[in-house]
Amino acid sequence: MTDLPLPELGAAWRAARPRPAGVHLDSAACSRQSVKVLDAVAHHARHEAEVGGYQAEASAETLLQQGRSVLGGLVGMAAADVAFTESASSAVRVLFAAWPLPAGSRVGVLPGEYHGNLAAILYAGLVPEALPADDLGRVDVEALARLLRSDPPAAVHLTVVASHRAVVQPVVEVSRLCRATGVPLVLDVAQALGQVDCDVRADAVYGTSRKWLAGPRGVGFLVLRPAFRAGLVPVQGDPADVLSFETHDAHVAGRVGLTLAIGEHLAAGPAAVRARLAGVGRAVRERVDGVAGWRVVEPFGEPTAATTLVPPDGVDVAGTVARLRAEHGVVTTACLPARAPGELTGPVLRVSPHLDVTDADLETLAAAL
Ligand SMILES: *Cc1c(COP(=O)(O)O)cnc(C)c1O
């Protein structure tokens, strides 16, 4: 993009990947993987066929340990705190299944909490309780401070960036308040890691590979601080050993791919990536707000790359997503209210380019809308 920071970052990201079949504006669902990541995953799978699955895993051990180390580092913890999971949803289920909170305990969540996280909390016999937030769904820090001091929930679960609205939560302030009041803090970084700094003190942090980190599908992670982990009860094994929170068998090739994808993220420079993705978000919002009556939800300067759009009266969002894809080759997502039942009152269109979006891509989107 002409006026975006770090154009070389966008060009390098694009050059590292297979050519897109159309205009891919769907990284919040699933980013395009690099050729190196795709090759590493295929290579590991092939190696399994050549030497045996467990032997191939053993030979990847040093690499996987590096993966745990850098992943832990991105969220302020260590390699020994990182469990690989199959997805963010599986991670949150493992966490709440292992957490012996008394039935009926209140867990603070935002009104816009993700449906799958709410389901995991409810399934564990816990009660999600809406934390104070402003009209955009951002935590009201002052009101949260009062709540945590006067009538604290058993835990706070914060989704740092939601999937239906790319607003960044004040995670540093929430972390500070939770520490000061002794309330355990869980962070869902599925939409945040790779575009927002998540190196914040929390007790548990989980997310997924395939979104902003651009790793393979079918891989997620659950990172657990040792003192907090000691109080958990895994289905099997010792909570001191973080591997007790992993499944015995796994898509090891996918973990190898995630490790490489994180390596590419670090090589590009997380701060530079964040700066450019923030610029991408601004560029999209400025370009499409008001086009054919579509209205941008996020503040233009919100430091995230995804944009959600409220349709003009009478326009069907799911139909628009299908039309964009079929007639213009533009890939986007329709977020239906069930995704965030406490906040979304109607469907929104989500547009989520990665580092490599071009002016031409945005012109195509605007024209198609
Ligand atoms: C995608 C997403 C999840 C679930 O991730 P999976 O890897 O699909 O299980 C959880 N939380 C948020 C905010 C998400 O965007």
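Residues numbered from 1 in each chain as written. Predicted model: local features only at pLDDT ≥ 70, side-chain atom pairs only at ≥ 80, totals over all residues. Heavy atoms only, no water.

Re the pairing of strand β8 (residues 220–224)
Step number 1: β8 sits mainly inside the fold: five of its five residues count as buried.
Step number 2: Of the two faces of β8, the one holding Gly-220, Leu-222 and Leu-224 and the one holding Phe-221 and Val-223 are both buried throughout.
Step number 3: Two strands pair when backbone bridges link them, and strand β7 (residues 204–208) and β8 are joined in this way by five bridges, in the antiparallel orientation. Across the sheet, residue Ala-204 finds its bridge partner in β8, namely Leu-224. (Buried < 20%, exposed > 50% of the residue type's maximum accessible area, 1.4 Å probe, protein only. Helix = DSSP H or I, 4+ residues; strand = E, 2+ residues; numbered from the N terminus. Pairing = 2+ DSSP bridges.)

Re the pairing of strand β5 (residues 155–159)
Step number 1: With respect to burial, β5 is a largely interior element, five of its five residues being buried.
Step number 2: Burial along β5 is two-sided: the face carrying Ala-155, His-157 and Thr-159 and the face carrying Val-156 and Leu-158 are both buried.
Step number 3: With two bridges joining them, strand β3 (residues 106–109) and β5 adopt parallel strand pairing. Bridge assignment links Val-107 to a residue of β5, and that residue is Ala-155.
Step number 4: In this structure, β5 lies alongside strand β6 (residues 185–188), joined through four bridges in parallel fashion. Along β6, the bridge assignment pairs Leu-158 with Leu-187.
Step number 5: Each parallel crossover has a hand, and the one from β5 via helix α8 (residues 171–181) to β6 is right-handed. (Right-handed = clockwise from strand over helix to strand, strands pointing away.)

Things to note about the site of the ligand
Step number 1: In the vicinity of the ligand lie 13 residues, with Ser-89, Asp-188, Gln-191, Arg-210 and Lys-211 positioned nearest.
Step number 2: When isolated, the ligand has an accessible area of 380 Å², and the protein chains bury 92% of it.
Step number 3: Looking at the shell around the ligand residue by residue, the class counts come to four nonpolar, six polar and three charged. (Near = heavy atom within 4 Å. Areas by Shrake-Rupley, 256 points an atom, 1.4 Å probe, with all protein chains shown as cover. Nonpolar A, V, L, I, M, F, W, Y, C, P; charged D, E, K, R; others polar.)

Some points on the packing of helix α11 (residues 270–288) against helix α13 (residues 359–368)
Step number 1: Closest axis-to-axis distance for the α11/α13 pair is 10 Å, and the angle between their directions is 35°. Read as a crossing pair, α11 and α13 show a hand that is right-handed. On the side of α11, the interface is formed by Ala-283, Val-284, Arg-287 and Val-288, while α13 contributes Leu-362, Glu-363, Leu-365 and Ala-366.
Step number 2: Of the residues in the contact of α11 with α13, the class split is six nonpolar, no polar and two charged. (Axes fitted to C-alpha atoms, helices over the stretch in contact; angles between N-to-C directions. Left-handed = near helix turned anticlockwise from the far one by under 90°. Contact = heavy atoms within 4.5 Å.)

As for the domain arrangement of the protein
Step number 1: We note that the domain assignment places domain 1 (7–25 + 269–368) and domain 2 (37–267) within the protein.
Step number 2: Its C-alpha centre places domain 1 at a distance of 25 Å from the equivalent point of domain 2.
Step number 3: Contacts between the two partners involve 31 residues from domain 1, matched on the other side by 28 residues from domain 2.
Step number 4: Here domain 1 packs against domain 2, burying approximately 2200 Å² in sum over the two surfaces, 57% of which is carbon and sulfur.
Step number 5: Together, Arg-274, Arg-339 and Glu-343 form the three largest contributors to the area buried by domain 1 at its contact with domain 2, with a combined 25%.
Step number 6: Inspection of the region where domain 1 meets domain 2 yields two salt bridges.
Step number 7: The partner of Glu-302 in a salt bridge is Arg-138, and the shortest N-O contact between them spans 2.7 Å.
Step number 8: Joining domain 1 to domain 2, the criterion identifies 13 residue pairs in polar contact (both at pLDDT 80 or more).
Step number 9: By residue number, the principal contributor to the side of domain 1 that touches domain 2 is α11, which donates five residues.
Step number 10: Here the side of domain 1 that touches domain 2 is built from residues that sort into 17 nonpolar, six polar and eight charged. (Domains from an automatic or database assignment. Buried area = accessible area lost by both parts, 1.4 Å probe. Salt bridge = Lys/Arg side-chain N within 4 Å of Asp/Glu carboxyl O. Polar contact = N/O pair within 3.5 Å; in protein donor to acceptor, adjacent residues only side chain to side chain.)

Details of the pattern of salt bridges
Step number 1: Tallied over the full model, the rule gives 13 salt bridges.
Step number 2: Ionic pairing is found between Arg-287 and Glu-363, a salt bridge with its closest N-O pair at 2.8 Å. Here Arg-287 is found in helix α11, whereas its partner Glu-363 is found in helix α13, with 76 residues between them in sequence.
Step number 3: Among the residues examined, Arg-287 registers a relative accessible area of 30% and is labelled partly exposed.

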